[in-house]
Amino acid sequence: MVLDTMSQTVVLGVIGSDAHVVGITILEQAFSAAGFDVVNLGVQTSQEEFAEAAVAHDAQAVLVSSLYGHAEQDCQGFHDVLEDAGVDAVSYIGGNLAVGQDDFEQTRKTFRELGFDRVFDSETDPEDAIAALREDLQIRPAESERATISS
């Protein structure tokens, strides 16, 4: 089944005690411009708030941001909370996920084991995350985007 971007909702927020707002502001703008309906939960968002918003908005994706290096602790049990709430959505995490992060492949493995579908570092271009989400949700570009792409 191929879906239209316009009907797709993403829930976005900064998990735990992290108060870094710039990353999610950029992501909100980029995903909105790409045609997604974005619910921005802001900073210092609890696992339960992500789950409640995903249920309330019937989200197809939950996007977690963390820049202060403590995401592994903040995300322990996150997917259990989502599952318990009945959330069936793609989950992504990105940012500066570990203090002293020098081997991102190890960090990626850690977060995949925590249940995230995709893991991005802090240097990821928002367009790469949008392309990944379109692929994961099997979304084709809208007519206007195809015209722009092919011209």
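Residues numbered from 1 in each chain as written. Predicted model: local features only at pLDDT ≥ 70, side-chain atom pairs only at ≥ 80, totals over all residues. Heavy atoms only, no water.

Taking an unreviewed UniProt entry as the reference, the protein chain is identified by name as Glutamate mutase sigma subunit belonging to Natrinema salaciae. If you open the UniProt record of the protein chain and go to Function (unreviewed entry), you find "Catalyzes the carbon skeleton rearrangement of L-glutamate to L-threo-3-methylaspartate ((2S,3S)-3-methylaspartate)." Within the UniProt record for the protein chain, the comment given under Cofactor (unreviewed entry) is "adenosylcob(III)alamin". (UniProt positions renumbered as here; feature names shortened; annotations may be inferred.)

**Student:** Whenever I open this one, the layout of surface pockets confuses me. Can you help?
**Tutor:** Over the atoms rolls a probe the size of a water molecule, and its path tells where empty space is left. Of the voids in this model, the largest pocket is the one considered here, and its volume is about 360 Å³. Listed by contribution, the elements that provide at least two residues to the lining of the largest pocket are helix H1 (22–33), strand S3 (61–66), strand S4 (90–95), strand S5 (118–121) and helix H6 (126–136). Of the residues contributing to the lining of the largest pocket, the split by class is eleven nonpolar, six polar and two charged. (1 Å grid on protein atoms, 1.4 Å probe; cavity = no way out; pocket = protein on both sides within 12 Å on 5 of 7 lines; lining within 4 Å. Points joined across faces, edges and corners; volume = space filled by probe spheres on them. Helix = DSSP H or I, 4+ residues; strand = E, 2+ residues; numbered from the N terminus. Nonpolar A, V, L, I, M, F, W, Y, C, P; charged D, E, K, R; others polar.)

**Student:** What am I meant to see in the pattern of salt bridges here?
**Tutor:** When the charged atoms of two side chains with opposite charge come close together, those side chains can pair. Following the criterion strictly, the structure yields four salt bridges and no others. A salt bridge links Arg118 to Asp136; its shortest N-O distance comes to 2.7 Å. In this pair, Arg118 sits in strand S5 while Asp136 sits in helix H6, placing the two residues 18 residues apart along the sequence. Judged by relative accessible area, Arg118 falls into the partly exposed class, the value being 24%. (Salt bridge = Lys/Arg side-chain N within 4 Å of Asp/Glu carboxyl O. Buried < 20%, exposed > 50% of the residue type's maximum accessible area, 1.4 Å probe, protein only.)

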